[in-house]
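One-letter residues, chain by chain:
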Amino acid sequence: MVRLLYLLLLIFSAGVFSQNTATGPHIEVALVSEHNQLRAGETQWIGVLLTPDKDWHTYWLNPGDSGEAPTIQWYSDADIEFGDIHWPLPKPIQVAHLVNYGYEGATLLMVPINLKQATKERVSISANLSWLVCKEDCIPGWATLTIDLPVADSITPSEHSNLFEQTRLNLPKKHKDTAQFELTSTHLGLQTTLPYQSDWHVFPFRGDVIAHNADQAWAHQANSSQVVISLSDYFATPSEPLNFLVSDGKNGFYVEAIPNDTSSADNNSPSQSLWLMLLFAFIGGLILNIMPCVLPILSMKALSFAQSQKANHWGYPIGVLASFWLFASIILVLKEAGSAVGWGFHLQEPLLIAGLAFLFTFIAMMLWDLLPKGINLAGVGQSLTGESTFTQQFFTGVLAVIVASPCTAPFMATALGVAMISPMLDTLAIFTALAVGFALPMTLLSLSTRFAALLPKPGAWMQTFKHFLGFPMLATVVWLAWVFLSQTSSFGQLWLLSGLLGFTFFIWLSAKVNRVYCVMSLLLAMTFATFCSVKGTQATKVISEQKNNHFSAQKLTELRNNNHVVLVNMTADWCITCKVNEQVALNSADLQALLEDSKVDYLVGDWTNKNQAIYEYLEQYQRPGVPLYVVYAGNHSKQVLPQVLTPEIVINAIQQAKKEINHATSN
Amino acid sequence: MQRLTKWLMLSMLFAPLLSIAAAKVDTSAPDFKLQDSFGKTVSLSDFKGKYVVLEWTNHLCPYVVKHYGSDNMQSLQRQYTQKDVVWLSIISSAKGKQGHVSAQKANELTQKRSAAPSHVLFDEDGQVGRLYKAKTTPHMYIINPQGKLSYAGAIDSIKSANPADITKATNYVTAGLNNLLAGKPVTQKLTKPYGCSIKYKS
């Protein structure tokens, strides 16, 4: 039998030379062209047509659990560029408990070609083809197929052109949206957008990613869909993006999935926004030069430069840079010290948002000259003239930063806010850009007095400009109040706005009264700000704990002490696996019915806004992140559920916990 | 300790799903008992203290033919059984499906192909194949003297039915066994197997 098979193969692989068709056991293969002629410089299509017998199949680029994809090697006597195979939509083919990906019936494997130059009248194209055709048994085959095509200026469709048209309808589309994948120890989670609801199936390009025979359970959200699939037995951690075809049998599209990086979920495109921040910091630095407390000095400086030609050019910018870096370092040290004692500086932290709202309001008041006079530092500026050695220029730079501080505060505060939530290097980069912007005009002046002409003249307009800048500051406050609302509640926002009102009032008052009263008034403003921020932040927790089943360690302990069954679900908005679990298992009717029981409680911890309480809880179970599901039987036992759930897993765990409690209480 | 409890709890949860723990590289290879082509009952545990190779086979599968037609598989069997390695060829083809053979036919095949396995074993109902998650013929496994699974996967690195590729490919069984026999760890412990699907009972 085997001998015969080889003999057959030998016969037809030798016999078909320079023919465009060949026949193997249970299959016919043919090399066909969409057009009867080739035209130089144009992309045209040729293809290998595989026609297996009824019930026999050939394979997709990833054949699945067994089998082998066809391969084509191209040869030609002319300079032709051959593209990759455009695979039509495959379908899963089940053989016992194994799954293959392939094609039943005639399949055209289309390849784009491009004849570079019309140097010949006829061109010969050959394909060294290998294939595997299977029903349950498999038969491999090899053949060399050849077609001859004339080269012409006009091309006409061939008898096969219809086949090409039909195959094109069956080709997957390239997907525009991005996809993300995440890995648990047993499963792959994939998130993408689907064009419409259908029976979608995921086909991986690589054979060692997912278990091909595993169920693919989808969960659908408003903007995205997620699927969780068992990992392949041969899975090794991928270092590259993973490529998939997603198909419902009629339509399909390719997705390239990148790792679902949870840190990037907080901040969508960090690199892009960093460039933008650097640009703003630079512009901010430039604007500092025309602030009322800087521009007059700068003009004097320009004059003195005009007088002494030999001034050192670099002392000033280096002095400015050094001061800004020192400031950045102090912030970084404070920030590190802060996080070491457990303060997180995340924009997700409502308290930080409230703090920023007060800061920006304060800056707006400063710009509108509503602060008590004592807070201004102006007047030191006179000493800024005349020096020309490096050291003197260096300290001029340092002094400029200090002197300018009443006006630089708005920009420094913004930079400070960004620094609090950015990585260390970004912080340094932002401060550097600010410093460069600040030092640039003076440095240019010292290089050439011609730049002095470009400098605007000091005048009353500076004051107007300064006052105008108060509005962007207040706009920021409006935005922060809106963010605060989404983090807390309308009640929390009321606390914040009331706090801002009281804060501004007391600061306004402090400028109207003298000495002791002024200090008292400022203290009152601070107290008011702190009290309202804290109150507003708490307003969230109280309300949401009543509404939802928000997780808190205290609540968990309480419920366990009362001998309740508690299901804890640690989740996050960006977690793909969590979403699938919630839709497939946790929202199932049977489980929901079980949760109605007054002795069964359900606590949800949301790790989207990373917080200390949930961090500690995850730490307790040695988990770096979510999902984490735990079922407690009072204080008697706890069960950590797998990361991928079915309704049965959760129901069984809860019922077992119930039994344990009944058993323990009856004893 | 906490981690251990976690795993215990996890495995307890999965226990109803899998009646017996499935094979996994670097863990204990699950024991099994099968009849050989001479009617003798053979258990994996009989060979404790020796290296054991499991070879899933189906003499009509073109990918098996690739390695037998070229004497590649038989020479591996001869080479390693001489070094006291136990070589078990397992047939999981169900009754009536391709590759299913009688004991007599199996012995004939061994003789005709000058094969040298320690035993040819029959797994008609596919239980052992499923236990080891064997998917293709050939699908190869190496078990160390302590009973741990040291390698699972393809016979070599080129997925084809073409015998000409054998010399160009890296043979994973040779690489694995040579490393183990020299007291070194196996570099590639898990690969995706290639070949025909095993003709399991549906």
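Residues numbered from 1 in each chain as written. Chains lettered and ligands numbered in written order. Predicted model: local features only at pLDDT ≥ 70, side-chain atom pairs only at ≥ 80, totals over all residues. Heavy atoms only, no water.

K.L.:
Any chance you could explain the sheet that holds strand E20 (residues 565-571) of chain A here in plain terms?
P.N.:
Residue and element names in this part refer to chain A. As summarised here, the arrangement of the 4 strands in space is E21-E20-E22-E23, forming an open sheet in which the pairing is mixed. In this open sheet, the two edge strands, each paired with only one partner strand, are strand E21 (600-606) and strand E23 (637-641). Direction aside, the axes of adjacent strands within the sheet are offset by 15° on average. Here E20 runs beside strand E22 (residues 628-633); their pairing, made up of 6 bridges, is antiparallel. Within E22, the residue paired with Val 568 across the bridge is Val 630. (Pairing = 2+ DSSP bridges. Helix = DSSP H or I, 4+ residues; strand = E, 2+ residues; numbered from the N terminus. Axes fitted to C-alpha atoms, helices over the stretch in contact; angles between N-to-C directions.)

K.L.:
Explain the confidence of the model for chain A here, please?
P.N.:
Where the model shows low pLDDT, its predicted coordinates should not be examined in detail. Residues of chain A with pLDDT of at least 70 account for 80%, and the chain-wide mean is 80. Here residues 541-547 of chain A is modelled with pLDDT under 50, and outside its nearest four sequence neighbours on either side it reaches 6 contacts, counting other chains as well. (pLDDT = per-residue confidence, 0-100. Contact = heavy atoms within 4.5 Å.)

K.L.:
Is there a simple way to think about helix H2 (residues 62-69) of chain B in this case?
P.N.:
For the α-helix, the turn length of 3.6 residues means that residues three or four positions removed from each other point alike. All names here are of chain B. Most of H2 is tucked away, with 7 of its 8 residues classed as buried. Listing the buried residues of H2 in full gives Pro 62, Tyr 63, Val 64, Val 65, Lys 66, His 67 and Tyr 68. Just downstream of H2 lies Asp 71, where phi reads positive at about 65°. (Buried < 20%, exposed > 50% of the residue type's maximum accessible area, 1.4 Å probe, protein only.)

K.L.:
Help me out: how do you make sense of the state of the cysteines in this one?
P.N.:
Here, disulfide denotes a covalent bond that connects the sulfur atoms of two cysteines. Residues and elements named next belong to chain B. Following the criterion strictly, the structure yields 2 disulfides over all chains and no others. Disulfide partner of Cys 61: Cys 196, at an S-S distance of 2.0 Å. Its torsion about the S-S bond being 90°, the disulfide of Cys 61 and Cys 196 is classed as right-handed. Separated by 135 residues along the polypeptide, Cys 61 in the loop between strand E3 (52-56) and H2 and Cys 196 in strand E9 (residues 196-197) bring together distant segments of the chain. Overall, Cys 61 belongs to the buried group, its relative accessible area being 0%. (Disulfide = S-S within 2.5 Å.)

K.L.:
What should I look at first to understand a nonpolar patch on the surface in this one?
P.N.:
On the surface, Leu276(A), Leu279(A), Phe280(A) and Ile283(A) cluster together into a nonpolar patch covering about 390 Å² of accessible area. Within the secondary structure, Leu279(A) is located in helix H4 (residues 270-288). (Patch = residues over 30% accessible without salt bridge, like charges linked within 9 Å, V, L, I, M, F, W, Y side chains within 5 Å. Areas by Shrake-Rupley, 256 points an atom, 1.4 Å probe, with all protein chains shown as cover. Salt bridge = Lys/Arg side-chain N within 4 Å of Asp/Glu carboxyl O.)

K.L.:
It is not clear to me how the interface of chain B and chain A should be interpreted in this structure. Could you clarify?
P.N.:
Bring the parts together and some accessible area is lost; that lost area is often taken as the interface size. With 36 residues of chain B at the contact, the number on the chain A side is 33 residues. Buried surface at the junction of chain B and chain A, both sides included, amounts to about 3,000 Å², of which 58% is carbon and sulfur. For the interface between chain B and chain A, the tally reads 2 salt bridges. A salt bridge links Lys133(B) to Asp233(A), with the nearest nitrogen and oxygen atoms 3.2 Å apart. The tally of links from chain B across to chain A stands at 7 residue pairs in polar contact (both at pLDDT 80 or more). Elements with a contribution of two residues or more to the side of chain B that touches chain A: helix H1 (2-14), H2 and E9 of chain B. Broken down by element, the residue count for the side of chain B that touches chain A peaks at 7 residues, all from H1(B). (Buried area = accessible area lost by both parts, 1.4 Å probe. Polar contact = N/O pair within 3.5 Å; in protein donor to acceptor, adjacent residues only side chain to side chain.)

K.L.:
Looking at this model, I keep getting lost on the sheet that holds strand E6 (residues 80-82) of chain A. Mind explaining?
P.N.:
Adjacent strands of a sheet form backbone hydrogen bonds with each other and so pair up, either parallel or antiparallel. All names here are of chain A. Strand order across the open sheet formed by 5 strands is E1-E2-E3-E9-E6, with antiparallel pairing between neighbours. The open sheet has two edge strands, strand E1 (21-24) and E6, and neither has a second partner. Across the sheet, the mean angle from the axis of one strand to that of its neighbour is 20°, orientation sign disregarded. Taken together, the 4 bridges between E1 and strand E2 (residues 27-33) define a ladder with antiparallel strand orientation. The residue of E2 that forms the bridge with Ala 22 is Val 29. The strands that helix H2 (residues 161-169) touches are E2, strand E3 (43-52) and strand E9 (107-115); relative to E9, the one it contacts most, it runs at about 105°.

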